[in-house]
Protein chains: 2
Amino acid sequence: MSVDTRQTSARLNDDELRTLDAHWRAANYLSVGQIYLMANPLLTEPLRPEHVKPRLLGHWGTSPGLNLVYTHLNRVIRTRDLNALCVWGPGHGGPAVVANSWLEGSYTETYPDVTRDAAGMARLFKQFSFPGGVPSHVAPETPGSIHEGGELGYSLSHAYGAAYDNPDLLVACVIGDGEAETGPLAASWHSNKFLDPVHDGAVLPILHLNGYKIANPTVLARIPEPELDELLRGYGHDPIHVTGDDPAAVHRAMAEALDTALDRIADLQRAAREDGAGERPRWPVIVLRTPKGWTGPAQVDGLPVEGTWRSHQVPLAAVRDNPEHLRRLEAWLRSYRPEELFDEHGSPRLDVLAWIPDGTRRLGATPHANGGLLLRELPLPALETYAVEVDKPGATLHEPTGVLGQLLEDVMRSTAERRDFRLVGPDETASNRLQAVYGASGKAWQAQTLQVDEHLDRHGRVMEILSEHTCQGWLEGYLLTGRHGLFSCYEAFVHIVDSMVNQHIKWLRVTRRLPWRAPIASLNYLLTSHVWRQDHNGFSHQDPGFVDHILNKSPEAVRVYLPPDANTLLSVADHALRSRDYVNVIVAGKQPCFDWLTLDQARVHCARGAGVWEWAGTEDGTREPDVVLACAGDVPTQEVLAAAQLLRTHLPEVSVRVVNVVDIARLMPSGEHPHGMSDFEYDGLFTADKPVVFAYHGYPWLIHRLAYRRTGHAHLHVRGYKEIGTTTTPFDMVVRNDLDRYRLVMDVIDRVPGLAVRAASVRQRMEDARLRHHDWIRVHGTDLPEVADWTWDG
Amino acid sequence: MSVDTRQTSARLNDDELRTLDAHWRAANYLSVGQIYLMANPLLTEPLRPEHVKPRLLGHWGTSPGLNLVYTHLNRVIRTRDLNALCVWGPGHGGPAVVANSWLEGSYTETYPDVTRDAAGMARLFKQFSFPGGVPSHVAPETPGSIHEGGELGYSLSHAYGAAYDNPDLLVACVIGDGEAETGPLAASWHSNKFLDPVHDGAVLPILHLNGYKIANPTVLARIPEPELDELLRGYGHDPIHVTGDDPAAVHRAMAEALDTALDRIADLQRAAREDGAGERPRWPVIVLRTPKGWTGPAQVDGLPVEGTWRSHQVPLAAVRDNPEHLRRLEAWLRSYRPEELFDEHGSPRLDVLAWIPDGTRRLGATPHANGGLLLRELPLPALETYAVEVDKPGATLHEPTGVLGQLLEDVMRSTAERRDFRLVGPDETASNRLQAVYGASGKAWQAQTLQVDEHLDRHGRVMEILSEHTCQGWLEGYLLTGRHGLFSCYEAFVHIVDSMVNQHIKWLRVTRRLPWRAPIASLNYLLTSHVWRQDHNGFSHQDPGFVDHILNKSPEAVRVYLPPDANTLLSVADHALRSRDYVNVIVAGKQPCFDWLTLDQARVHCARGAGVWEWAGTEDGTREPDVVLACAGDVPTQEVLAAAQLLRTHLPEVSVRVVNVVDIARLMPSGEHPHGMSDFEYDGLFTADKPVVFAYHGYPWLIHRLAYRRTGHAHLHVRGYKEIGTTTTPFDMVVRNDLDRYRLVMDVIDRVPGLAVRAASVRQRMEDARLRHHDWIRVHGTDLPEVADWTWDG
């Protein structure tokens, strides 16, 4: 359906039109003011160069379109008493969203020094893109925002994440036509196949085609409209078009389009909720086609600006030096007739405020955009129910993620009514052994189902789509609006969201400094199907570098755990699910793994983050050991224990300490990470001068980069994944990367003073075992029986 | 158009149908054999457990569909004498593509020990997913492949990259319906708006809807067919459907669909090339809907398998232990009637080979899939033309990337006829100051153009789309088929392709070990708009961690350069563009930057990768300096030189050495990276025991992780980006991160023995300067005049 401005009959009366336009003009005025002015905000005197900022940094191009959307959302929120949130995809529209928040009062409520008067307006203008001020994007600092617009592509998945399990919420989502070219955005259109019209709210995408990116036209603005309509219908939407450049006509068309869309959403929700309709709804989408930089300078220095990419940033760039530019800027500002919009104190006049919703209905004041306000404690059951029995270490095997799956099943169950917990993953929930959750919730699915399907559920809260980007975006949106969740992912492919998690961590870092932002539930990753167990996938599925990536980011917001068995995984997961404002990365195996610790031991060990496993070593407690065997990660832990056993057998006189590290940031200096150990603690654990042979799950140099300041660093020898991967057996993988038990024993022999000569024959025996492995695997394609059948005999 | 199997009139005659089916059955037989058998390949005796591999690792589900496509591509290649390449998106179909390569003979030509007879078949079977054998995915080891299928999402952008500037090439691209859910794949459909029907080849996407992923139905298989058609038409394609599960009917339909598609492609190309048609063509796409695991076991243990997700991997899992499974496997294998397909020596019979194309027309033998064979030297002009004049260091300013742009313009020009060089970027070519290239080539664009547009060109070789994924995929496909290119990107957002570049580096690492793979041109990144100069974008645009990510990967394939000025950038870029089989990361600024080195000096310096800038220090050459000021990156270099100048002024008695590092891997030990320095070299440059204050462009701990083994490491003090970012001035950024000149001088004072007391007043002066900065910027929003106007006085 097309609400072309040329055909629309006026449904707004003149008064409504006038007040809507007043609001829009006010927002436009304030947007331009933020970009340009540092004084004389109301133009009470003629504009002079010194009123203009010395550095002009901002983006005008997208602002008038966003102002139009905000203005019209106000109207429908007010007339329909909607509970609404808006995700602003074109993030460079910072000035627009800030302007609207100031107009509606939420800005001043959030930042009381930016009053809704001339003095506050002056502050508002100056602070924008000013050092120490507010960013040019929609950002954590922006009231009403759950979406930072600096990196494009995530608006729509954030919007869906916000809408899931919020049945009364309308989530409008403005998608820029630049952003629409990105992969994550393109994939996220299909999120509507996962939106339950009964338990979820509605998402109303508003595709804003202003036609240009930084320097190019956009693809979607330059395909014929019928082709665009096919695309949007192919995505499962019904398009409604608003096209034009005459403000009055566009106001009328936009009002009608929103009314049409919201009527249809209400109908679809009613059909599903009251009539039990089971068809996947065809939700509306609004296509808003207005000029880039609309109402700005039409031409500058003889070149077209309004309606072109030249209006992307600052249309008039030389205002302080070029009197003609200064004059044009003043004319531009005055074209909004500020005297009609603001009273003599600089406060918005009643006409401007006619459509502002009340209280928390305002987009800048909705608690859904400050989700911590709505967050409830997750009902986590006692871990004892799920813990595996451990009579002695290493006597039994369990799949750690399978055990965790049982806990997650009960979390799912206990949130069945509240619906504030979701599990997301790229088609890997069962592969990652979490299938127990299906006992409490099916998989969200609104597309066709067949008899043969299992666990698909129109009301499910397990989310699976083969797009890590979409999973990440959904979960971020869900958490930012005050709920809980966990993302399970193959370890190697979580790199797909490296850049997304960067932005989320940046968001957390900023919000942690904003007192008005309430803490939200942490973003929890369970990384499994990890580097050491890619038997049938091989090299392309082997990459443990996400931990390195995460540890580059703000220490206050990132936590990394490598639980070595089932009970430690339970303890870590419990901790992560209770925590706030972190990104928690948990790396754990899905293959059968020895149980080392009882639940009580696991709790103590995880609380410490790193500790001596006395039962595994041979220290007598009277003096420091000869060597420390350290480990982090399930496979390295097994190899270290096997090495300790070999040492006990073959070199009983060597005193060995075994240290296991769960919380990898413990290795950092206490001044560099909140979890970092003091040097005193570190030396107590690892010694200051004894050799440490450290078997690490990932890239070995990470351990050096964390521990390089430690006294004993020169004695630290790390084994890990050296980017030598292939399709092979578990033990062959560790042999190829020199992380195997035999190599670790050789490392000890090479490093403990005096041992090299004395233990030469043992060393040779270890070499021989590695050779035996190579010979065996070539013929049998399996691991040596003594490795495959190994058990801890301690 | 729908070629539904129920409606298709038979156009294949019986003989054709019989031979096509024979080939398909042979390929299916060989696929199953690879997954299961390690002996008795021709079933010359009844199948026994010991004929079956002990570990069953592989993916049957997608294989029959890929075999069908390969079989039918053979037919059209042969009948039309096509120059064709196929990109196999469902990478788990390794057994299928390998089977077809073996049938056509290209496998044996590539791997002579895998002969096309029973002995070779036995090897073929055993090696698959066997330790030390071949991967289960389509991989670098697979003849005819330019695409590793382990990580999904990149097939279609690879296909387009291969097609660009290959006017005679047909690039078929099988897209799995799982892969189709990913963001990168979803975005890449729009690549057709960038495909020039005159100078580029054709891409024929074959969307294979077998309906399931690992454990779920796929979205595109479960939306109504009319909705799918709208989606595909919205992407700009004309869909042709092939649907069915009766082999004979599907053969007929597939043959007709391919003929229809290829006729249409030929018509569209003729219209553009001969008739000068200027309309963007609507290219065909084939939608192939056949059962997952087609022709495999229909049910296993009472559960449906064929046509469901249960056939994804190994349908019969317990073959060695369960006699019923063994029996079923034998029946399954014999259902292909191997005796009709292979002669008594195990060689394929003539019927099977009837459609195999000749020589390099075979998909497994096309040189386009081994692009190094086709690669020509890039005509690089002499750098003297572009070099900036440097009479003395630091006296002039240039935008380094702007200077590089002039070189790239001439590379564009000199390849205008050859068309084997492309520049890709996400809408940032001009923003990154490379706009000079438009003098030699416009931007590829097939969508609508308007009067106001600039530099859009139906035949352009500058590629801009706001999708880093698509840019990366295009360039990879272009390079892998034997051409050259460069990707310019904002530094922070190159993380978007972290996972893609992982896979490309893995590809390079494997191909470097395959003697039959000819070296290809390196993948060159120009990372600019970097962390220190995000004045109007702020925190979301600040992330220098791509270097850390890259340096985790195989050292043989990765190179990282941080040229400090225009001439060093020219030298580094020239080197990168000439190199082979690397990923080169070049980090360089686009803002005006001091010129430090003449071209000749730059060449020598870049060849060394790191060196002393004698003119910047105050050593007298008779003894080691008191301190080394080291730097890497343009902004750190400027701050180090400013610090050196302050030291010369305020503490002339301190002997300072200035070291600049261009090639960051030089810091690594020589045993860890081919560019690593020996300890002797390192100590000569940095000393073994003098304090080194190192100003680094990125995360400071990277330098520690590279240099932790060096003798002098305990004296190494690194400053860099500490994840403290915001919208602010360039100098404020370095102050906030303690990388500024004043802080560096303080670091020197704190670290040179005996200086702390003697230079206390100088240290205070530095502190004062930082405070002055804080006061100034709060008021003026600009940098201190003495910083803004600073010049080198050496």
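Note that this is a predicted model, so its numbers are computed, not measured.

Quick word on the overall build of chain A
Then step 1. Assigned secondary structure in chain A consists of 26 helices and 23 strands.
Then step 2. Taking 2.2 N^0.38 as the reference for a compact globule, 794 residues should give roughly 28 Å; the C-alpha atoms of chain A span a radius of gyration of 30 Å, in line with that estimate.
Then step 3. For chain A, the residues scored as buried account for 66% of the 794 residues in total.
Then step 4. Within chain A, residue pairs in contact and separated by at least 24 positions form 77% of the contacts whose partners lie at least 6 positions apart.

A few points about helix 2 (residues 63-80) of chain B
Then step 1. With 18 residues, helix 2 of chain B should reach 26 Å at 1.5 Å per residue; the first-to-last C-alpha distance of 26 Å fits that figure.
Then step 2. Count one or two residues on from helix 2 of chain B and you reach Asp 81 of chain B, which has phi positive near 50 degrees.

Observations regarding unusual backbone geometry
All names here are of chain A.
Then step 1. With phi around 65 degrees, Asp 427 is a residue other than glycine that occupies positive phi space.
Then step 2. Mapped onto the secondary structure, Asp 427 falls in the loop between strand 10 (421-425) and strand 11 (443-444).
Then step 3. One non-glycine residue, Thr 687, lies in the positive phi region at around 70 degrees.
Then step 4. By the secondary structure assignment, Thr 687 is in the loop between helix 20 (679-686) and strand 22 (692-696).

With respect to the sheet that holds strand 19 (residues 610-612) of chain A
Hydrogen bonds between backbone atoms are what pair the strands of a sheet, whose relative direction is either parallel or antiparallel.
All names here are of chain A.
Then step 1. One open sheet accounts for five strands, arranged 19-21-20-22-23; its pairing is mixed. The open sheet has two free edges, formed respectively by strand 19 and strand 23 (716-719), since each of these has just one partner strand. Averaged over neighbouring strand pairs, the angle between their axes works out to 20 degrees when direction is ignored.
Then step 2. With four bridges connecting them, strand 22 and strand 23 associate as parallel partners.

Digging into the interface of chain A and chain B
Then step 1. The interface of chain A with chain B comprises 95 residues on the first partner and 96 residues on the second.
Then step 2. When residues of the side of chain A that touches chain B are traced back to their parent elements, those giving at least two are helix 7 (183-188), helix 8 (225-234), helix 15 (498-511), helix 16 (546-551), helix 21 (700-707) and helix 25 (760-780) of chain A.
Then step 3. When residues of the side of chain A that touches chain B are assigned to their parent elements, the largest contribution, seven residues, is made by helix 8 of chain A.
Then step 4. Of the residues in the side of chain A that touches chain B, the class split is 31 nonpolar, 38 polar and 26 charged.

Regarding the relation of the copies chain A and chain B
Then step 1. Between chain A and chain B, the superposition needs a rotation of 180 degrees and an axial shift of 0.0 Å, giving an RMSD of 0.0 Å. Look at the turn and shift together and you get a two-fold axis relating the two. For chain A, the minimum C-alpha distance to the rotation axis belongs to Gly 183 of chain A and amounts to 2.0 Å.
Then step 2. Residue by residue, 100% of the interface of chain A is reproduced at the interface of chain B, so both copies engage with the same surface.

Looking at the environment of Tyr 478 of chain A
Residues and elements named next belong to chain A.
Then step 1. Topologically, Tyr 478 is positioned in helix 14 (residues 468-480).
Then step 2. Taking the C-beta count within 10 Å as the criterion, Tyr 478 has 30 such neighbours and is therefore assigned buried.
Then step 3. Residues Tyr 478 and Arg 603 lie 125 residues apart in sequence; the distance between their C-alpha atoms is 29 Å.
Then step 4. What Tyr 478 contacts, discounting residues up to four positions off in sequence, is Gly 161, Tyr 164, Arg 422, Arg 483 and Gly 485.

Concerning the nonpolar core
Then step 1. With 514 residues, the main nonpolar core has Val 171 and Leu 629 of chain A together with Val 171 and Leu 629 of chain B as its most contacted residues.
Then step 2. Apart from residues lying up to four places away in sequence, Leu 629 of chain A is in contact with Val 640, Ala 643, Ala 644, Val 656, Val 658, Val 693 and Leu 744 of chain A.

Looking at the pairing of strand 4 (residues 202-208) of chain B
All names here are of chain B.
Then step 1. With seven of seven residues buried, strand 4 is to be regarded as a mostly interior element.
Then step 2. The alternating pattern of strand 4 places Ala 202, Leu 204, Ile 206 and His 208 on one face and Val 203, Pro 205 and Leu 207 on the opposite face, and all of these are buried.
Then step 3. Looking at chain direction, strand 3 (residues 169-176) and strand 4 are connected through seven bridges and run parallel. Residue pairing in the sheet places Ala 172 in a bridge with Leu 204 of strand 4.
Then step 4. The parallel pair strand 3 and strand 4, bridged by helix 7 (residues 183-188), forms a crossover whose chirality is right-handed.

A word on the environment of His 368 of chain A
Residues and elements named next belong to chain A.
Then step 1. Looking at where His 368 falls in the secondary structure, it is placed in the loop between helix 12 (350-353) and strand 9 (397-398).
Then step 2. C-alpha of His 368 to C-alpha of Ala 162: the two residues are 206 residues apart in sequence and 7.9 Å apart in space.
Then step 3. With residues up to four places along the chain from it excluded, the contact list for His 368 reads Leu 85, Ala 162, Asn 166, Leu 169, Leu 374 and Thr 481.

Things to note about the sheet that holds strand 21 (residues 656-661) of chain B
All names here are of chain B.
Then step 1. As summarised here, the arrangement of the five strands in space is 19-21-20-22-23, forming an open sheet in which the pairing is mixed. With partners counted over all chains shown, the strands left at the sheet margins are strand 19 (610-612) and strand 23 (716-719), one partner each. Neighbour-to-neighbour, the strand axes of this sheet turn through a mean angle of 20 degrees, independent of strand direction.
Then step 2. Strand contacts of helix 21 (residues 700-707): strand 22 (692-696) and strand 23, with the helix running at about 150 degrees to strand 23, the strand carrying the most contacts.
Then step 3. In the packing of helix 23 (residues 741-751) onto the sheet, the strands contacted are strand 20 (627-632), strand 22 and strand 23, and the crossing angle to strand 22 comes to about 160 degrees.

A short note on the domain arrangement of chain A
Then step 1. Along its sequence, chain A is organised into domain 1 (2-359), domain 2 (383-593) and domain 3 (610-788).
Then step 2. Computed from C-alpha coordinates alone, the two centres of domain 1 of chain A and domain 3 of chain A are separated by 57 Å.

A few points about the packing of helix 17 (residues 566-578) of chain B against helix 18 (residues 599-608) of chain B
Residues and elements named next belong to chain B.
Then step 1. Where helix 17 meets helix 18, the axes come as close as 8 Å, and the angle between the chain directions of the two elements is 50 degrees. Here helix 17 lies oblique to helix 18, going by the angle between them. Considering how the two elements wind past one another, helix 17 and helix 18 form a crossing that is right-handed. Here helix 17 contributes Asn 567, Thr 568, Leu 570, Ser 571, Val 572 and His 575 to the contact with helix 18, which in turn contributes Leu 599, Ala 602, Arg 603, His 605 and Cys 606.
Then step 2. Each residue belonging to the contact of helix 17 with helix 18 can be placed in one class, and the counts come to five nonpolar, five polar and one charged.

Some remarks on the packing of helix 6 (residues 155-163) of chain A against helix 14 of chain A
All names here are of chain A.
Then step 1. Where helix 6 contacts helix 14, the two axes come as close as 6 Å, and the packing angle between them is 50 degrees. On the basis of the axis angle, helix 6 is oblique to helix 14. Helix 14 is crossed by helix 6, and the crossing has right-handed handedness. Listed contacts from helix 14 to Ser 157, His 158, Ala 159, Tyr 160, Gly 161 and Ala 162 of helix 6 are His 469, Thr 470, Gly 473, Trp 474, Leu 475, Glu 476, Gly 477 and Tyr 478.
Then step 2. Considered class by class, the residues forming the contact of helix 6 with helix 14 number six nonpolar, seven polar and one charged.

Structural notes on the pairing of strand 3 (residues 169-176) of chain A
Residue and element names in this part refer to chain A.
Then step 1. The element strand 3 is extensively covered by neighbouring structure, given that eight of its eight residues are classed as buried.
Then step 2. Residues Leu 169, Val 171, Cys 173 and Ile 175 of strand 3 are buried on one face, and the alternating residues Leu 170, Ala 172, Val 174 and Gly 176, pointing to the opposite face, are buried as well.
Then step 3. Across six bridges, strand 2 (residues 83-88) lies against strand 3 in parallel orientation. Within strand 3, the residue paired with Cys 86 across the bridge is Ala 172.

Structural notes on helix 1 (residues 14-36) of chain B
Then step 1. If you check helix 1 of chain B, its first and last C-alpha atoms are 32 Å apart, about what 23 residues at 1.5 Å a residue would give, namely 33 Å.
Then step 2. Summarising burial for helix 1 of chain B: 17 of the 23 residues are buried, a large majority.

Considering the environment of Leu 195 of chain A
Residues and elements named next belong to chain A.
Then step 1. Mapping Leu 195 onto the fold places it in the loop between helix 7 and strand 4 (202-208).
Then step 2. Residue classification places Leu 195 among the buried positions, given that 20 C-beta atoms sit within 10 Å.
Then step 3. Distance from Leu 195 to Leu 42, taken between C-alpha atoms, is 46 Å for residues 153 residues apart in sequence.
Then step 4. Ignoring sequence-local partners within four residues, the contact set of Leu 195 consists of Tyr 160, Ala 163, Asp 200, Val 203 and Gln 446.

Details of the confidence of the model for chain A
All names here are of chain A.
Then step 1. Here chain A averages 95 in pLDDT, while 99% of its residues score no lower than 70.
Then step 2. Segment residues 4-10: pLDDT under 50, and 13 contacts once partners within four positions in sequence are set aside and those in other chains are kept.
Then step 3. In the model output, the complex is listed with pTM 0.97 alongside ipTM 0.97.

Calculation criteria
- Residues numbered from 1 in each chain as written.
- Chains lettered and ligands numbered in written order.
- Predicted model: local features only at pLDDT ≥ 70, side-chain atom pairs only at ≥ 80, totals over all residues.
- Helix = DSSP H or I, 4+ residues; strand = E, 2+ residues; numbered from the N terminus.
- Rg over C-alpha atoms; globule rule 2.2 N^0.38 Å.
- Buried ≥ 20, exposed ≤ 12 C-beta atoms within 10 Å, placed from the backbone.
- Contact = placed C-beta atoms within 7 Å.
- Expected span 1.5 Å × (residues − 1).
- Pairing = 2+ DSSP bridges.
- Axes fitted to C-alpha atoms, helices over the stretch in contact; angles between N-to-C directions.
- Nonpolar A, V, L, I, M, F, W, Y, C, P; charged D, E, K, R; others polar.
- Least-squares fit on C-alpha atoms with pLDDT ≥ 70 in both.
- Core = buried A, V, L, I, M, F, W, Y, C linked by C-beta atoms within 7 Å.
- Right-handed = clockwise from strand over helix to strand, strands pointing away.
- Domains from an automatic or database assignment.
- Parallel < 35°, antiparallel > 145°, perpendicular 65-115°, else oblique.
- Left-handed = near helix turned anticlockwise from the far one by under 90°.
- pLDDT = per-residue confidence, 0-100.

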